Each structure stands twice: as C-alpha cells, then as structure tokens.
Amino acid sequence: MVLKDIPQNVWSLGLDRTRQALERLGHPERSYRHVLVAGTNGKGSTCVYLERILRSMGVSVGTTISPHVTDFTERFRINSRNVESDVLAKVREWIEPEVADIGLTYFEWCMILAAVVFEQEKVDYGIFEIGLGGRYDAANVMDPAVSLITPIALDHTGYLGPTVKEIAGEKARIARAGRPLITTATEAALEVIRDYAGEIGAVLHVVDTPCRERTSLKGTGQAMNAGLALRAAHELGFRPDGERIAYALNTAFLPGRIEEIGDRVTLDVAHNPAAMAVLMEYLEQKGFHGVGVFGVLADKDFQTMMEMMKKTCSRVYIAPVQSDRSWGDAEMEGCLDGERVVRCESVTRAFHQALGTGEAVVVTGSFYTVGEIREALVCTGF
C-alpha cells in the first residue's frame, strides 16, 4: 500500500500541516474548483452521485472517498475510476522530499495525494469527502464552491462531541461566506447549521424532497443523497436533463454499501445506529430471513447495533476486526445472548459459520468487517 509505513489510526486534528504542505507544493489545489461533503452517513454515496452527474455533463472530476473497503486506491477516483496504485506511489515519491519534515498524518497524506493527482489529471472539479467532522478535517483547507452536509447522527462522539448539536456545529464549519451550503440535515442539526450559515453569511439550501429517479445504490436514504447531489450540480451551474440524471444515478457504485453478492450475501458498512437502522429496514422490506456477521470498533455504539441485528437476524456471529481499534473480549462478552449470539475468533471464521447454516447472510458493523469478507468473495474468490 502507498502509505503502509504511516499509522492509519493516529489522528492529529488541525489544518496547519496540510496548508503548509500545499503551499510548499505550489498550491496544486488551485487548478480546479472544490466541493466538500460532510455528514454522518451517506457522504460517499452523495460524492459518487455528484461525480456521475457532472460526468454526464462532460466535466472532468476527481473524487475522494474515505475510508476504503478493500483497496487503498478506492480513496482516489478520476472520472469514476480508481487511480492506480503505482501512480499514487510515484506522486508520493515525488512530493515527499518537499513535505517530509511536516509530519503529515495518514489522512493528511491522502488529502495531499488527491490534491496533486487531481491537478496532474487536469480535473475541472475535485469532490472531497470529509473523513472526520469538518472544522479540523484536512480537506477543510479547500475553498469550496459548494459545501454539502448529509444527515447527522451520533458518531465519533469522543472527537466531535456527545450531542447531535455539537457534531452539527463541527460539520457546519465546511461552509463559506457567500457560497452555497446545501444540506439534508433535519431538526436540531439543521437548527445549528442554519444558525452558523446565518452567522458567516453562507447561502443555505435545505433539500427535504427525495429525488424521484431510481438509484443504483440501495437503502431508504439514497433518494435524499441523490437529491442533495443534484441540487449541488444546479448550484454549480449544471442543468442535466432527465436522461442524463437517470444514467448518472443508475451507474453510481460504491463497494460495501448494501452490496448483494449472489443470492445469499449482503454486505454493508453500517458502523453506527443510524446506518444500521437503514440496513435493517432494507432487509426487512426485502423479506430477509437469515443470520448476521458483526464486527465493530470499540468506540462505536455496538450494543444498540447488536439489538437491532437480533430483531432481524435469527442468529448473529460476532468477531474482532483487523484493527487495533477493534472491540475486545469484554465488549463481545457483554453482547452474548445464549444461542442467539455466537462468538468467533475472526470475521472470516464467523462468515464460514454463517454460510454453513444455509441461510441468507448479512455482514456489517465496520468497513474492516465488510472489507475482510469482500476481499475474500470478490477480489480473490472465497
């Protein structure tokens, strides 16, 4: 992997290092216009919908997605295709002497690599998914023509605050004075976003009507994500006709977002209760009768997510994920419930046992969980 020597789980929030790196590199990001996308769930889908809509209008687009599911290159897209690993490696080799002493974190490196690759590929627009929060995320050094905020729920509370209002306050900081700020947030989160937009003079647009066009990505929130992306395209000056919109929304794809593999397996990266609720609703509407595989990070609300899964799945196989942030023995022990919950040594082992039941299987709880199984099923063959 291009950044294999840099720890993924070391976060040092702030914008100074990224600004310094871009300045030393001659500000590659100034060669194209920017769009920032923040929120709790639906960011990746919104990014890809907007990417596809702009592509349908003949516009060249670079897109960042965070985190990746199975391959690091998923984080960097040029016109809907992943940037090849050797290209990213060459870019790092070229720029590292200029920025080596700054101490960039993993996420800051991703941001810098994207900024440079997008310049080299001469994109017209760079769409940047905010990885954590908004105020101090590395991508917030950009000067967005449009800022988007998807629905907000509790997640990353240790960094962003324990309430939806506090989290919304962090995410609202991607707005810019005099520029469009478009959101599908509601209730308390919307109040905070509205107040901040008024305070700085951002032009707030609230999308509260779902897009009527069918989307290729599944789940109840996708129509709103598509509506948010379409409104962003309008604010950028594009008015695609119905045929272009239909093509764009029906050719969008992201791995691990309610992704169905064959007739029995569903993969979804739901990693907080709001996302899990969407997944469980989808499964229930589909008439799902089967078992679950669940692995999660220790800082997530796994107890709430487990209760949701037990209402839909006849049995849940739980396991640690391949991360030093994984839940551990104590957390898994607290979720055991007789024969309803089976503890396994690994996500792969849990999946083997789930398949052995002969029932349908849903794999969820974390990008790590889905990534491990998707790698086996899709990338290498199980």
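Residues numbered from 1 in each chain as written. Predicted model: local features only at pLDDT ≥ 70, side-chain atom pairs only at ≥ 80, totals over all residues. Heavy atoms only, no water.

**Re the packing of aromatic side chains**
Put simply, the test is: For Phe, Tyr and Trp, rings pair up if their centres lie within 6.5 Å, where Trp contributes its six-membered ring, and each pair is then called stacked (planes under 30 degrees apart), edge-to-face (over 60) or tilted (otherwise). Classification of residues uses two cut-offs on accessible area relative to the type maximum, computed with a 1.4 Å probe and protein chains only: under 20% is buried, over 50% is exposed, and between them is partly exposed. Helix numbers and strand numbers start at the N terminus; a helix is a DSSP run of H or I with at least 4 residues, a strand a run of E with at least 2.
Scanning the entire structure with this criterion turns up eight aromatic pairs. Between Tyr 106 and Phe 107 the ring centres are 5.6 Å apart and the planes differ by 80 degrees, which places this aromatic pair in the edge-to-face class. For Tyr 106, a relative accessible area of 0% corresponds to the buried category. On the basis of relative accessible area, Phe 107 is assigned to the partly exposed category, the value being 28%. Look at Tyr 125 and Phe 238: their rings are 6.0 Å apart centre to centre, the planes differ by 70 degrees, and that puts the pair in the edge-to-face class. Separated by 113 residues along the polypeptide, Tyr 125 in strand 5 (residues 125–129) and Phe 238 in the loop between helix 8 (222–235) and helix 9 (242–250) bring together distant segments of the chain. For the pair Tyr 125 and Phe 238, one class covers both residues: buried. Following the ring pairs from residue to residue traces out a cluster consisting of Phe 72, Phe 76, Tyr 106 and Phe 107.

**Observations regarding unusual backbone geometry**
With an omega of -10 degrees, the peptide bond running from Ser 66 to Pro 67 counts as cis. Note that Pro 67 resides in the loop between strand 2 (61–64) and strand 3 (76–78). Even without being glycine, Ser 80 reaches a positive phi, approximately 75 degrees. Within the secondary structure layout, Ser 80 lies in the loop between strand 3 and strand 4 (81–82).

**What about helix 11 (residues 302–312)?**
Filter applied, for reference: As used here, the arc is the angular range of directions from the helix axis to the C-beta atoms.
Of all the positions in helix 11, only Phe 302, Met 305, Met 306, Met 309, Lys 310 and Thr 312 are classed as buried. Looking down the long axis of helix 11, one finds its buried residues gathered within 160 degrees of arc, a one-sided arrangement.

**Considerations on the sheet that holds strand 10 (residues 265–267)**
Applicable threshold: Strand pairing is assigned whenever DSSP identifies at least 2 bridges connecting the two strands. Convention adopted: a line fitted to C-alpha atoms gives each axis, helices being fitted over their contacting stretch, and angles between N-to-C directions are expressed from 0 to 180 degrees. In what follows, a contact means two residues having at least one pair of non-hydrogen atoms within 4.5 Å.
Spatially, six strands are ordered 9-10-14-11-12-13 in an open sheet, and the strand pairing comes out mixed. The outermost strands of the open sheet, each flanked by one partner alone, are strand 9 (259–261) and strand 13 (341–343). Adjacent strand axes in the sheet meet at a mean angle of 20 degrees, parallel and antiparallel pairs treated alike. Sheet topology note: the strand 9/strand 10 ladder contains three bridges and is antiparallel. Residue Glu 260 lies in a different strand from strand 10, and its bridge partner there is Thr 266. Most of the contacts of helix 11 go to strand 11 (residues 290–294), to which it runs at about 165 degrees, and overall it touches strand 11, strand 12 (316–318), strand 13 and strand 14 (360–364). Contacting strand 10, strand 11, strand 12, strand 13 and strand 14, helix 13 (residues 347–356) crosses the sheet at an angle of about 175 degrees to strand 11.

**Here we look at the packing of helix 1 (residues 16–24) against helix 4 (residues 106–120)**
Formally: Roughly parallel refers to an angle under 35 degrees, roughly antiparallel to one over 145, roughly perpendicular to one between 65 and 115, and oblique to any angle outside these ranges. We call a crossing left-handed when the near helix sits turned anticlockwise from the far one by less than a right angle, and right-handed when that turn is clockwise.
Packing of helix 1 against helix 4 leaves a shortest axis separation of 10 Å and a crossing angle of 30 degrees. If you check the angle between helix 1 and helix 4, you find them roughly parallel. Crossing of helix 1 against helix 4: the hand is right-handed. Contact residues: helix 1 offers Arg 17, Thr 18, Ala 21 and Leu 22, while helix 4 offers Glu 108, Met 111, Ile 112 and Ala 115.

**With respect to the layout of surface pockets**
Short version of the rule: Grid points spaced at 1 Å and placed over the protein atoms alone form the basis of the search, with a cavity being a set where a 1.4 Å probe fits but cannot get out and a pocket an open set showing protein on both sides within 12 Å along at least five of seven lines. Lining residues have an atom within 4 Å of a point. Grid points are joined across faces, edges and corners, and a volume is the space filled by probe spheres set on the points.
Considering only enclosed or pocket space, the second largest pocket measures out at about 180 Å³ in volume. If you trace the second largest pocket, you find 15 residues lining it, with Glu 74, Arg 77, Asn 82, Phe 253 and Pro 255 closest to the centre.

**What to know about the pattern of salt bridges**
We apply this condition: A pairing counts as a salt bridge when a side-chain nitrogen of Lys or Arg comes within 4 Å of a carboxyl oxygen of Asp or Glu.
On inspection of all chains with the given rule, the structure shows 17 salt bridges. A salt bridge links Arg 92 to Glu 96; the shortest N-O distance between them is 3.1 Å. Taken together, the residues span about one helical turn, with Arg 92 and Glu 96 both in helix 3 (residues 85–99) at a distance of four residues. Looking at Glu 96, the relative accessible area reads 28%, which means it is partly exposed. With a closest N to O distance of 3.3 Å, Asp 241 and Arg 244 form a salt bridge. Judged by relative accessible area, Asp 241 falls into the partly exposed class, the value being 36%. By relative accessible area, which is 37% here, Arg 244 ends up partly exposed. Overlapping salt bridges, with partners in common, bring together Asp 5, Arg 92 and Glu 96 in one network.

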